[in-house]
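Each chain, letter by letter, is given below.
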Amino acid sequence: GNESVRRIKPLAKSTHDSSVVTEIGMFGGMYDLVEILRKYRHPVLVQSIDSVGTKLMIANMMNTHYSIGVDMVAHSCNDILCQGARPITFLDYIAVDKLDPDHVEELFKGMADACRETGMAIIGGEIAELPGVYSKGEYDLVGSVTGIVDRDKIISGKDIVAGDIVVGLASSGLHTNGYSLARKVLFSGAYDAHDKVDGVGVLGEVLLEPHRNYTNLVHTLMEAVDIKGIAHITGGGLIENVPRILPEGCSALIDKGAWEVPPIFKLIGEVGNVPKDDLYRTLNMGIGMVLIVSPEDVDRLLKGMSPLDYYYGVIGEIRDGNRGVEFK
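Thresholds, definitions, all that
Residues numbered from 1 in each chain as written. Predicted model: local features only at pLDDT ≥ 70, side-chain atom pairs only at ≥ 80, totals over all residues. Heavy atoms only, no water. Helix = DSSP H or I, 4+ residues; strand = E, 2+ residues; numbered from the N terminus. Rg over C-alpha atoms; globule rule 2.2 N^0.38 Å. Buried < 20%, exposed > 50% of the residue type's maximum accessible area, 1.4 Å probe, protein only. Contact = heavy atoms within 4.5 Å. Areas by Shrake-Rupley, 256 points an atom, 1.4 Å probe, with all protein chains shown as cover. 1 Å grid on protein atoms, 1.4 Å probe; cavity = no way out; pocket = protein on both sides within 12 Å on 5 of 7 lines; lining within 4 Å. Points joined across faces, edges and corners; volume = space filled by probe spheres on them. Nonpolar A, V, L, I, M, F, W, Y, C, P; charged D, E, K, R; others polar. Disulfide = S-S within 2.5 Å.

(A) Region of interest: the overall build of the protein. Counting its secondary structure elements, the protein contains 12 helices and 12 strands. The C-alpha radius of gyration computed for the protein amounts to 20 Å, which stays within 12% of the reference 20 Å derived for 328 residues, consistent with globular compactness. Viewed in the frame of its principal axes, the protein has a C-alpha envelope of about 60 × 60 × 35 Å. Burial statistics for the protein: of 328 residues in total, 54% are counted as buried. Partitioning the intrachain contacts of the protein with sequence separation of at least 6 by distance along the chain shows that 85% fall at a separation of at least 24. Approximately 15200 Å² of the protein is accessible, and the part contributed by carbon and sulfur atoms is 48%.

This is the structure:
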């Protein structure tokens, strides 16, 4: 335990700026808000907590854990991004049956690299050794993020109206959802995690592709375009996540032909004979985030994304109707 803490301290410190008051190891992490008060007129805290879920089991199969740390940060940042927040601090919770400093360090390197990319500080956390609670080799990773948004810039979806346009940002794969389904379908006899499938790749590597973090891209776009709504396409897929940002009287019509579904999703559907409705309700199907804007802002939005390595494009529109999603 002491060796694990010794290794992660410099990694955590690499994410700090002058606003971080405490060193790792104190009873509580402290963050000075004076710069926040200078930059924001009416700052509002936005917080979220989540875990990586059963994607951890794929990491164990492949004996590689760096990307899991990246996943945890990206998922957390994307959740608060939906309300327009920029992340400032991160806390982690690592629970294992027996501590292995190499394992902890690998996880933490992923988290630290992802935090630096978005300018977020790791100000504390917990490493728990819980024999008997977790079976041999099992572990869990939880992350808690705090972000800031000006009150008058909160993105709530309340201004969305019929005629607005739905733009999709590509996922990098399954992200952090749908792994119970993927494991059952792919690894219950059909394949092994190390198997290479034509047109897909080595399954374990494809499934461990890190969750894409949209924070820097979307904040750049927000400076140029009025984004009315943002949905992070996590568990529940497009069917359950898009309605979370729609006001009463609005529905979303999504065109399934507007983007190419990546091969890994098609493989899961074919091998498991999974109905398409279930796929779209469980997996992101290649769309990791949805932005909703007025028709007059679409060209500027797409132009703002063109130099970046993201799929971008119109995938649907908002219509009058009951809050929900329909497909064509």
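(B) Layout of the layout of surface pockets. Counted as a void, the largest pocket has a volume near 810 Å³. Across the lining of the largest pocket, the residue classes tally to 12 nonpolar, 8 polar and 14 charged. Volume-wise, the second largest pocket comes out at about 310 Å³. What lines the second largest pocket is a set of 19 residues, among which I24, G25, G124, G125 and E126 lie closest to the centre. The element best represented in the lining of the second largest pocket is strand β3 (residues 121–129), accounting for 5 residues. Residue composition of the lining of the second largest pocket, by class: 10 nonpolar, 6 polar and 3 charged.

(C) Layout of empty space enclosed by the protein. On inspection of all chains with the given rule, the structure shows 1 cavity of 30 Å³ or more. A volume near 30 Å³ is recorded for the largest cavity. Of the residues contributing to the lining of the largest cavity, the split by class is 3 nonpolar, 6 polar and no charged.

(D) Expanded view of the state of the cysteines. Counted under the stated rule, the structure contains 0 disulfides. The structure places no disulfide on C115, whose sulfur is separated from the nearest cysteine sulfur, that of C77, by 6.7 Å.

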